[in-house]
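# Per-entry structural report
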Amino acid sequence: MVFSASVRILLTRSNVPLGILKSIDIVRNVTMLKSDPNWWKHLFDHVYLVTDARSVCDERVTCREVDMLEGLLALEPSLSIVDLCGGQGRHAAELCRRGFGNITVVDYSDYLVQKGIELTASEGLMVSFVQADARSTGLPSGRFDIAIVMANSFGYFHDPADDRRVLEEAYRLLVPGGRLLLDLVDSELALRDFRERSWHEIGEEIVVCRVRELSGDSVVSREIVMSKKEGLIRDQTYFVRLYCTEKLSELLAGVGFESVHTMRGFRPQDEAEDYGFLSDRLIVIAAKPTCPPLCVHEGKKGGR
Ligand SMILES: C[S@@+](CC[C@H](N)C(=O)[O-])C[C@H]1O[C@@H](n2cnc3c(N)ncnc32)[C@H](O)[C@@H]1O
């Protein structure tokens, strides 16, 4: 393979990221990026917690995100909250520290769920973790006042019908009048500032390189992670469908949500650096109607 050979040469020669990027360009010119439809089942492990640490392991960032949640949703500690695709439960843990006692995290990654259980137990925080697919959580209907999907954890499926199934599941889990908050990539800004390649270093040891390709309404990214000590520790391609506000509003309305509001310009990180898809965020809030349309009609028929 062209790339593996290049990486091997680079690793023995130097740690210069420019060299790595040149080798990525070689691959870029000879192949179209393709992602495994099940990439999301494998990517979110211990390496992810290193490559995305700037966004998902920084307590200041998490606190700003939780401030945003509390402010926009006017959260009260008595509310029950489900965090779909909640990872290691960093938002749940912070909410718990702030007095929220009824929080459930659902995530597919067994590694992150175990990590979350350990971290919250070590602090004595009461958070429930469920290892499940967000399309079908197995949790009871109408159990939660609030559902959240944080840090661009939506749009991962090749078939858009599967993205919709996540929203349908959120709808099912909510009480009538319950609210859903989606924290997503701002597709307009992501497209405007689209960078085909980027890299960042993590400490002295790790370099993360990303090559991105636009494909219709989706971005396919190849992530190559190199460790000075261990060599190549990741070479994986992933996929994210970008939703504009109109498309999302339409999708949410189709699922049954109402009162869709969007907010742009949320940027919880400190620096004007490239945080990939987590740089500029679009916040979308929608409500499950207090009374489904069918009930209204039945009520009228009954003459009430
Ligand atoms: C970018 S991470 C964000 C995690 C978390 N929301 C946060 O802010 O730290 C995306 C998460 O979505 C989870 N995920 C992806 N697809 C999923 C699915 N179909 N069902 C449940 N979890 C999923 C991954 O395991 C991962 O933890």
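Our structure's up above, just so we're on the same page.
What this report covers is the structure whose coordinates are included nearby. Being a predicted model, the structure only gives us computed values, none of them experimental.

## Considering the overall build of the protein
Within the protein, the secondary structure is distributed over 11 helices and 11 strands. Classification of the 304 residues of the protein by burial places 35% in the buried group. Taking the contacts inside the protein whose residues are at least 6 apart along the sequence as the reference set, 69% of them involve residues at least 24 apart.

## Comments concerning the packing of helix H8 (residues 160-173) against helix H10 (residues 245-255)
Two numbers describe how H8 lies on H10: the axes approach to 9 Å, and their chain directions differ by 50°. It follows that H8 is oblique to H10 by the angle criterion. Note on packing geometry: the crossing formed by H8 with H10 is right-handed. Here Arg-164, Leu-167, Glu-168 and Tyr-171 of H8 lie close against H10, whose contacting residues are Leu-251, Leu-252 and Val-255.

## Things to note about the site of the ligand
The environment of the ligand is formed by 19 residues, the closest being Cys-85, Gly-87, Tyr-108, Ala-134 and Ala-151. Residue classes in the shell around the ligand are distributed as 10 nonpolar, five polar and four charged.

## Overview of the sheet that holds strand E11 (residues 281-287)
Taken together, the seven strands give an open sheet; going across it, the order is E3-E2-E1-E4-E5-E11-E10, and neighbouring strands pair in mixed fashion. If you trace the sheet from one side to the other, it starts and ends with strand E3 (128-131) and strand E10 (258-266), each paired once. For this sheet, the mean angle separating the axes of adjacent strands, direction not counted, is 15°. Pairing geometry for strand E2 (residues 103-107) and E3, over four bridges, is parallel. Looking at the pairing, Val-106 lines up with Val-130 of E3. The strands touched by helix H5 (residues 59-73) within the sheet are strand E4 (144-149), strand E5 (174-185), E10 and E11, with E5 carrying the most contacts at an inclination of about 140°. Where H8 meets the sheet, it contacts strand E1 (81-84), E4 and E5, and its direction lies at approximately 145° from that of E5.

## Focus: the sheet that holds strand E9 (residues 231-241)
As a general point, the strands of a sheet are linked pairwise by backbone hydrogen bonds and lie either parallel or antiparallel. On the basis of which strands lie adjacent, the open sheet formed by four strands has the order E6-E7-E8-E9 and antiparallel pairing. Each edge of the sheet is formed by a strand with only one pairing partner; in this case those strands are strand E6 (197-202) and E9. Direction aside, the axes of adjacent strands within the sheet are offset by 15° on average. For strand E8 (residues 218-227) and E9, the ladder comprises 10 bridges, and the chain directions are antiparallel. In the strand pairing of E9, Ile-224 is matched with Asp-235.

About the cut-offs
- Residues numbered from 1 in each chain as written.
- Predicted model: local features only at pLDDT ≥ 70, side-chain atom pairs only at ≥ 80, totals over all residues.
- Helix = DSSP H or I, 4+ residues; strand = E, 2+ residues; numbered from the N terminus.
- Buried ≥ 20, exposed ≤ 12 C-beta atoms within 10 Å, placed from the backbone.
- Contact = placed C-beta atoms within 7 Å.
- Axes fitted to C-alpha atoms, helices over the stretch in contact; angles between N-to-C directions.
- Parallel < 35°, antiparallel > 145°, perpendicular 65-115°, else oblique.
- Left-handed = near helix turned anticlockwise from the far one by under 90°.
- Near = placed C-beta within 6 Å.
- Nonpolar A, V, L, I, M, F, W, Y, C, P; charged D, E, K, R; others polar.
- Pairing = 2+ DSSP bridges.

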